[in-house]
Amino acid sequence: MLDINRIRNNREEVEKALLKKNFKIDFTELLDFDAQRRSKIFEVEQMKAKRNTVSGEIPKLKKQGTDVTDLLNEMKKISLSIAELEKEITSIEAQIKDIMDYIPNTPADDVVAGDATQNQPVRYHGRKPEFDFTIKDHVALCEALGIIDYKRGAKLSGSGHWMYRGDGALLEWALLNYFITEHIKDGYEFILPPHILNYECGYTAGQFPKFGDDVFKLTENDQFLLPTAETALINLHRNEVLREEELPKKYFAYTPCYRKEAGSYRAEERGMIRGHQFNKVEMFQYTVPEKSEEALMELVAKAEALMNGLGLHFRLSKLAAADCSFAMGKTYDVEVWIPSMGIYKEVSSASNAYDFQAIRGGMRFKRTATGKNEYLHTLNASGLATSRVFPAIIEQNQHKDGSVTVPEVLRKWVGKDKLTV
RNA sequence: GGAGGAGUAUCGAAGUGGUCAUAACGAGCUCGACUCGAAAUCGAGUUGUCCGAGAGGACACGUGGGUUCGAAUCCCACCUCCUCCGCCA
């Protein structure tokens, strides 16, 4: 949620920034509601002040034996007027919220306008693997190796589901172990949150109400299956005031991610590139505003380091405004090379939400110097999503005979150097 | 799932229809005094949001409604926690 004071005071600047995300809005209606709200609040508060005064005097007058019947009648009228005005204010506030809830975060100044076509590669890591034989895609390789069972995944659930088995399960688990070990080394706290979250969690994250259809909703209680651990981690400190000294808070969590991915699967996204359930480790930071850019760079560097540790070829891209998600003001994607597709696919998205999510979730900190509460900045980054890293390893490390070299850092968990048919 | 109990500031807790909710009382914390220093003791301070240029005002006792001139207090619904029973990895 944007700060309405900012819209009131810097209307054109905000409108312009939102245009970079291809979001056109005229704030006239919103600001009109805002003005109405404030004037009505002023009115109702004056009435309440009177009611409070008179209500305090009534028992005194009664004690003196004065007849207060007329006074009671008058107060009754005032109470009715107050109730009416409050109803109007509630309605105006609901209309304001309806508008605000659908306005995305503004992109940072250094983020370029436009959609994904305007994304800018920042740097490339490792060498693009070259093969002197006809390569296979990860689906063919995994099936031949017997490490991913796509057919039975679909049999158990439906399309867009797969099943890890044997060395495949070990390799998947090894990735998670590798990520976890590195994050702990860097001083991040390990969280295993609930996977079933309540509506408020989705609202704070920016998922609801606009993107509510993207998640699996449970029929009772407005609960849903988390689409990413970010949705859980952003809510750890919802409606809390943290002390400045305890910042930054650095967390990471492992959870499966459940996503509807409604619409038709694109043919090129076969296998495990896009599924309804995938494993991901998510990094998260709560920081003071002046430190959030630094934190974003740290998260990006961590994601890159994990990828370098695996020895994969990948690149870092800075997203254009309209490719940043709803709640985010700046995003870097780590994208791994998928040889069979001939493109780079996102394995990590590192974003700064600035105060957008903090405002939605009432997350603040007390600044020691001033004693005032201010909104936190929140940042998240995958570290990493296995479902894209796995196929990249299989494809980039494949050999002519269909065997696959296991990255060095994973061998202690997989128990072998090479997966063979 | 059933029965009962509870939710008040950082914590414990008082308040059960109106002159004390910036909340009694106790503890913690911060600053100061005393001290060589510390403990003890004494003194002061210690919630947030909204409206307002300011003066000031309003709101908040788990959440949302209701009754009333007036609600922490009475009524209803919901949420969370605790105890017991049932079930269960």
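What you see as residue numbers is a count from 1 along each chain, following the sequence as written. Both sets of labels track the order of writing: A upward for chains, 1 upward for ligands. Given that the model is predicted, a residue must reach a pLDDT of at least 70 before its local features are reported, and side-chain atom pairs must reach 80 or more before they are shown or counted; all residues, however, enter totals for whole chains, interfaces and linings.

1. Some remarks on the protein's contact with RNA strand B
And then number 1: Should the C-beta atom of a residue, placed from the backbone, lie within 6 Å of a molecule or strand, that residue is near it. In the vicinity of RNA strand B lie 17 residues, with Lys48, Ala49, Met75, Lys76 and Ser79 positioned nearest.
And then number 2: Of all the elements in the fold, those that place two or more residues in the surface near RNA strand B are α3 (28-64) and α4 (69-100).
And then number 3: The numbering of helices and of strands both runs from the N terminus, where a helix is a DSSP run of H or I of at least 4 residues and a strand a run of E of at least 2. Per-element accounting of the surface near RNA strand B gives the leading share, 11 residues, to α3.

2. Focus on the packing of α3 against α4
And then number 1: Think of each axis as a best-fit line through the C-alpha atoms, taken over the contacting stretch in the case of a helix, with angles from 0 to 180 degrees between the N-to-C directions. In the contact formed by α3 and α4, the axes pass within 9 Å of each other and the chain directions differ by 155°. Taken as axis vectors, α3 and α4 run roughly antiparallel relative to one another. With respect to the hand of their crossing, α3 and α4 are arranged in left-handed fashion. Oblique is the label for any angle not under 35 degrees, not over 145, and not in the 65 to 115 range, which are roughly parallel, roughly antiparallel and roughly perpendicular in turn. The hand of a helix crossing depends on one turn: near helix anticlockwise from the far one by less than a right angle means left-handed, and clockwise means right-handed.

3. Here we look at the environment of Ser39
And then number 1: By the element assignment, Ser39 lies in helix α3.
And then number 2: In this scheme the burial state of a residue depends on its C-beta neighbours within 10 Å: 20 or more other such atoms mean buried, 12 or fewer mean exposed, and anything in between means partly exposed; the C-beta positions come from the backbone. Given 10 C-beta atoms within 10 Å, Ser39 falls into the exposed group.
And then number 3: Ser39 sits 277 residues away from Leu316 along the chain, and the two C-alpha atoms are 50 Å apart.

4. Thoughts on unusual backbone geometry
Trans is the prevailing form of peptide bonds, just as negative phi is the prevailing case for residues other than glycine.
And then number 1: In this structure, the amide linkage connecting Phe208 to the following residue, Pro209, adopts the cis form with an omega of 0°.
And then number 2: Within the secondary structure, Pro209 sits in the loop between α8 (199-205) and β6 (224-225).
And then number 3: For the peptide bond that leads from Leu247 to Pro248, omega is 0°, which places it in the cis range.
And then number 4: Assignment of secondary structure puts Pro248 in the loop between β7 (241-243) and β8 (249-258).
And then number 5: Of note in the backbone geometry, Asn239 takes a positive phi value of approximately 55° without being a glycine.
And then number 6: For Asn239, the location among the structural elements is in the loop between α9 (229-233) and β7.
And then number 7: Positive phi values are uncommon outside glycine, yet Tyr354 reaches one of about 50°.
And then number 8: With respect to the helices, strands and loops of the structure, Tyr354 is situated in the loop between β12 (343-352) and α11 (356-361).
And then number 9: By the C-beta count within 10 Å, which is 25 here, Tyr354 ends up buried.

5. What about the nonpolar core?
And then number 1: By our criterion, buried Ala, Val, Leu, Ile, Met, Phe, Trp, Tyr and Cys residues that link up through C-beta atoms within 7 Å make up a nonpolar core. Ranked by size, the top nonpolar core spans 86 residues in total, and within it Leu299, Ala303, Val336 and Val389 carry the most contacts.
And then number 2: For this core, the element with the most residues is helix α10 (residues 292-310), which contributes 8 residues.
And then number 3: Contact between residues is assigned whenever the C-beta positions, reconstructed from backbone atoms, fall within 7 Å. If we ignore the near neighbours within four places in the chain, the residues touching Val336 are Met307, Leu312, Phe314, Tyr344, Lys345, Val347, Arg388, Val389 and Ala392.

6. Regarding the environment of Val281
And then number 1: Mapped onto the elements of the fold, Val281 is located in strand β9 (residues 277-287).
And then number 2: C-beta crowding within 10 Å serves as the criterion here: with 26 such atoms nearby, Val281 is assigned to the buried category.
And then number 3: With 100 residues separating them in the primary sequence, Val281 and Ala381 have C-alpha atoms 8.9 Å apart.
And then number 4: Sequence-distant contacts of Val281, defined by excluding residues within four places in its chain, comprise Leu176, Phe179, Ile180, Phe252, Tyr254, Gly383 and Leu384.

7. Considering the domain arrangement of chain A
Accessible area lost on assembly of the parts is the figure often given for the size of an interface.
And then number 1: By convention here, the domain bounds are inherited from an automatic or database domain assignment. Assigned domains of chain A: these are domain 1 (26-100) and domain 2 (116-419).
And then number 2: On a C-alpha basis, the centres of domain 1 and domain 2 stand 50 Å from each other.

8. Details of helix α2 (residues 11-20)
And then number 1: For α2, the set of buried residues is Ala17, Leu18 and Lys20. Viewed end-on, α2 has its buried residues packed into an arc of 145°, placing them on one side of the element. In this structure, α2 carries Glu12 and Lys16 as exposed residues pointing more than 90 degrees from its buried face.
And then number 2: With its phi angle positive at about 60°, Asn22 sits one or two positions after the end of α2. Note that the arc is defined by the directions from the helix axis to the C-beta atoms.

9. Overview of the packing of helix α7 (residues 167-185) against helix α12 (residues 386-396)
And then number 1: Orientation of α7 relative to α12, taken along the N-to-C sense of each, is 120°, at an axis distance of 10 Å. By the angle class used here, α7 and α12 are oblique. Crossing of α7 over α12 shows right-handed handedness. Facing Leu171, Glu172, Leu175 and Leu176 of α7, the residues of α12 in contact are Thr386, Val389 and Phe390.
And then number 2: Each residue belonging to the contact of α7 with α12 can be placed in one class, and the counts come to 5 nonpolar, 1 polar and 1 charged. As a working rule, the residues Ala, Val, Leu, Ile, Met, Phe, Trp, Tyr, Cys and Pro are called nonpolar, Asp, Glu, Lys and Arg charged, and the rest polar, with Gly in that last group.

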